[in-house]
Amino acid sequence: MKKQHLTIAGGGSTYTLGMLMSLISEKENFPLASITFYDTDAERQQKVADASKVVIQEKYPELEEFIVTTDKETAYKDKDFIFVQIRTGGLEMRKQDEEISLAHGIVGQETCGPGGMAYGLRSIKDMIELVEDIRSYSKDAWILNYTNPAAIVAEALKRVFPDDYRLINICDMPISIMNGLATLIDRDVWDLDPEYFGLNHFGWFTDIYDKSGKKLTDEIKEKILSEGLQPESEIADDPSWIATFKQAEQTLRDFPEFIPNTYLQYYLYPQKMVEKEDPKYTRASQVIGGRAKEVFEMCERIAAAQSLEGEVLEGDVHGVYMVKIAEAFAYNKNEKFIVMTQNNGTIPNIPQEAIIEVPALITSNGVKPIQVGEVDTFYKGLMENQYAYEKLTVDAYFEGSRLKLLQALTLNRTVVNANVANELLTDLLAANKDYWPNFH
Ligand code: NAD
Ligand code: G6P
Ligand code: MN
């Protein structure tokens, strides 16, 4: 098996250590010659790298090279895979997005509603530059992107790199939900075979089978309605995710046709989502004081002890999902995963150019989406409305059009009211003056 050269862009991310552990847990199936960390923040990345070095010494001694860099050429030259997980503006700007939205009585969320729009306008510029940089050094590398808001990033990248079939946007939410579904029926998550359609953070499982073809949908729905749904693995103990997964029960009761993506809660029950938030301590603050703090404290402990003793550190679903998809591209495995891709007829009755999220076969010639067919009026209406918001946001970015931002926010189900949209825009523009160059 050919050994791969991999770069993680966003080496200082809170997810890097989990990704490294996932690469280690999959090393028989996705063997690596080298791992390179690249980040624009040398100091932050070094903290993660110092711990990673210990992890590699103990758990991946056969790895030939571990490189930590802020130099683009070193990061991207002669690579097979680039995993991308950057956050323009950091968690501090996410906090602003969420607090500003909630101050106007609107959902304050990383990727949904005004927060998602603000974050999208920050991410686009860096992501275009990053892909251009990668392509100038490795024209054939597979670029697997996790950077959010994935729907808006994917829509923008599609316009700048329309023929780049080795550039794929991925979300871990479908597999994370499947992890919860699997536990409900006492199965392994990798034994489930989903049918799913939607946009990113905006979709539905129409059926769930096991790999032998047995249909499990009804059993799963009954369990959700009788026992509720719970998060598993790395998010199992997080109160915010516990509440989010619990909400799926009501969503399924109200709309019993399909099993919902948990992110639909923000669009179907926006008022309830606003009411449960503390506008002075939003999700971003929880992450800063929680996941981020814990990861960096763990990195310090490992680096100081030069040992993993006493640490609980393992591959997670978020990381393993990316690695399994990489395996399928690298070795033409033709395996099915839910990823983002351009519609092109997969769902014939919504726009052909929309970025949808559906099961697809992953091959060394790219993503081969599996036909979904026409969707019913309710889903079509919701998806067209949401895609119009995404498209207008990206149009607005390229044209520097405030009007299109206002149209986008007014269309968004979390906002609706044009007065509120206008006020929100004024505040978001002021807060993002260093990040939205096209509007200043
Ligand atoms: P973070 O802010 O903790 O880490 C991001 C890292 O990226 C930082 O070290 C930062 O210095 C670096 N960075 C920022 N801009 C950069 C650039 N232009 N080039 C290189 N590095 C840059 O963020 P996080 O919470 O660890 O999340 C990382 C990303 O992963 C976010 O975009 C998040 O939304 C995304 N994510 C996506 C999914 C998904 O389902 N698609 C799941 C989890 C996380
Ligand atoms: C899920 C989503 C991601 C999101 C992540 C973190 O995994 O798929 O898109 O970035 O959750 O959310 P959190 O609020 O915990 O930072
Ligand atoms: Mn996601």
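Use the structure listed above.
**Quick look at the site of ligand 1**
And then number 1: Taken together, the neighbourhood of ligand 1 is formed by 24 residues, with Ser13, Asp39, Arg44, Ile86 and Tyr119 sitting nearest.
And then number 2: Separating an oxygen atom of ligand 1 from a side-chain N or O atom of Arg44 is a distance of 2.5 Å.
And then number 3: Here Ile86 contributes a backbone N or O atom positioned 2.7 Å from an oxygen atom of ligand 1.
And then number 4: Out of a free accessible area of 860 Å², ligand 1 has 93% covered by protein chains.

**Concerning the nonpolar core**
And then number 1: Core analysis: the largest hydrophobic core is formed by 102 residues, its most contacted members being Leu23, Phe83 and Leu144.
And then number 2: Considering every element that reaches this core, the biggest residue donor is helix H13 (residues 317-330), with eight residues.
And then number 3: Not counting chain neighbours up to four residues away, the residues in contact with Leu144 comprise Phe81, Ile82, Phe83, Val84, Ile168, Ile170, Met322, Ile325, Ala326 and Phe329.
And then number 4: Counting residues in each nonpolar core, the second largest holds 44 residues, with Ile82, Ile128, Val153 and Tyr389 among its members.

**Looking at the site of ligand 2**
And then number 1: Inspection of the region around ligand 2 gives 13 residues, with Arg94, Glu110, Asn148, Asp172 and Arg283 positioned closest.
And then number 2: At 3.0 Å from an oxygen atom of ligand 2 is found a side-chain nitrogen or oxygen belonging to Trp241.
And then number 3: Here an oxygen atom of ligand 2 and a side-chain polar atom of Tyr263 are 3.5 Å apart.
And then number 4: For ligand 2, whose free accessible area comes to 390 Å², the fraction covered by protein is 89%.
And then number 5: If you tally residues by element for the shell around ligand 2, the top one is helix H12 (residues 283-305), at three residues.
And then number 6: Each residue belonging to the shell around ligand 2 can be placed in one class, and the counts come to six nonpolar, two polar and five charged.

**Here we look at the packing of helix H4 (residues 90-103) against helix H5 (residues 113-137)**
And then number 1: Viewed as axis vectors pointing N to C, H4 and H5 meet at an angle of 145°, and their least axial separation amounts to 8 Å. Handedness of the H4/H5 crossing: right-handed. Residues Met93, Arg94, Asp97 and Ser101 of H4 form the contact with H5, whose participating residues are Pro114, Gly115, Ala118, Tyr119 and Arg122.
And then number 2: The residue makeup of the contact of H4 with H5, split by class, is four nonpolar, two polar and three charged.

**With respect to the sheet that holds strand S7 (residues 192-199)**
And then number 1: Ordered by their spatial adjacency, three strands build an open sheet running S7-S8-S9, and the pairing between neighbours is antiparallel. Every other strand in the sheet has two partners, leaving S7 and strand S9 (259-260) as the edge strands with one partner each.
And then number 2: Sheet analysis places S7 next to strand S8 (residues 202-210), joined by eight bridges and oriented antiparallel. Bridge pairing in S8 places Leu192 opposite Asp210.
And then number 3: Lying over the sheet, helix H7 (residues 173-184) contacts S7, S8 and S9, oriented at roughly 140° with respect to S7.
And then number 4: Sitting on the sheet, helix H8 (residues 217-227) is in contact with S8 and S9, with an inclination near 120° to S8.

**With respect to the coordination of the manganese ion (ligand 3)**
And then number 1: At 2.2 to 2.4 Å from the manganese ion (ligand 3) lie its protein donor atoms, namely Cys171 (SG) and His201 (NE2). Separated by 30 residues along the polypeptide, Cys171 in the loop between strand S6 (167-169) and H7 and His201 in the loop between S7 and S8 bring together distant segments of the chain.
And then number 2: On the basis of relative accessibility, which here comes to 5%, the residue Cys171 falls in the buried class.

The rules behind the values
Here the residue numbers are simple positions, counted from 1 along each chain's written sequence. Lettering of chains starts at A and numbering of ligands starts at 1, both following the order in which they are written. At least 70 in pLDDT is required for a residue's local features to be given in this predicted model, at least 80 for side-chain atom pairs to be given and counted, and no such filter applies to totals for whole chains, interfaces and linings, which use all residues. Neither water nor hydrogens contribute to the side-chain values; these are computed over all heavy atoms in the structure. Put simply, a residue is near a molecule or strand once any heavy atom of it comes within 4 Å of that molecule or strand. What qualifies as a polar contact is a pair of N or O atoms within 3.5 Å, subject to a donor-acceptor requirement within protein and to the restriction that residues adjacent in sequence count only when both atoms come from side chains. Exposure was quantified through the Shrake-Rupley algorithm and a 1.4 Å probe, taking into account, for residues, occlusion by the shown protein chains and nothing else. For the purposes of this section, nonpolar cores are sets of buried Ala, Val, Leu, Ile, Met, Phe, Trp, Tyr and Cys residues that join through side-chain atoms within 4.5 Å. Whether a residue is buried, partly exposed or exposed follows from its accessible area with a 1.4 Å probe, protein chains only, as a fraction of its type maximum: under 20%, in between, or over 50%, in that order. Strands here mean DSSP runs of E at least two residues long; helices mean DSSP runs of H or I at least four residues long; both are numbered from the N terminus. When checking whether two residues touch, look at their non-hydrogen atoms; a contact exists if any pair is within 4.5 Å. Classes in brief: Ala, Val, Leu, Ile, Met, Phe, Trp, Tyr, Cys and Pro nonpolar; Asp, Glu, Lys and Arg charged; the others, Gly included, polar. Lines fitted to C-alpha atoms define the axes here, with helix axes fitted over just the stretch in contact, and angles between the N-to-C directions of these axes take values from 0 to 180 degrees. Should the near helix be turned counterclockwise from the far one by less than a right angle, the crossing is left-handed, whereas a clockwise turn marks it as right-handed. A pair of strands counts as paired when DSSP detects no fewer than two bridges linking them. Coordination here is defined by N, O and S atoms within 2.8 Å of the metal (3.2 Å for Na, K and Ca), and since water is not considered, a site can look incomplete.

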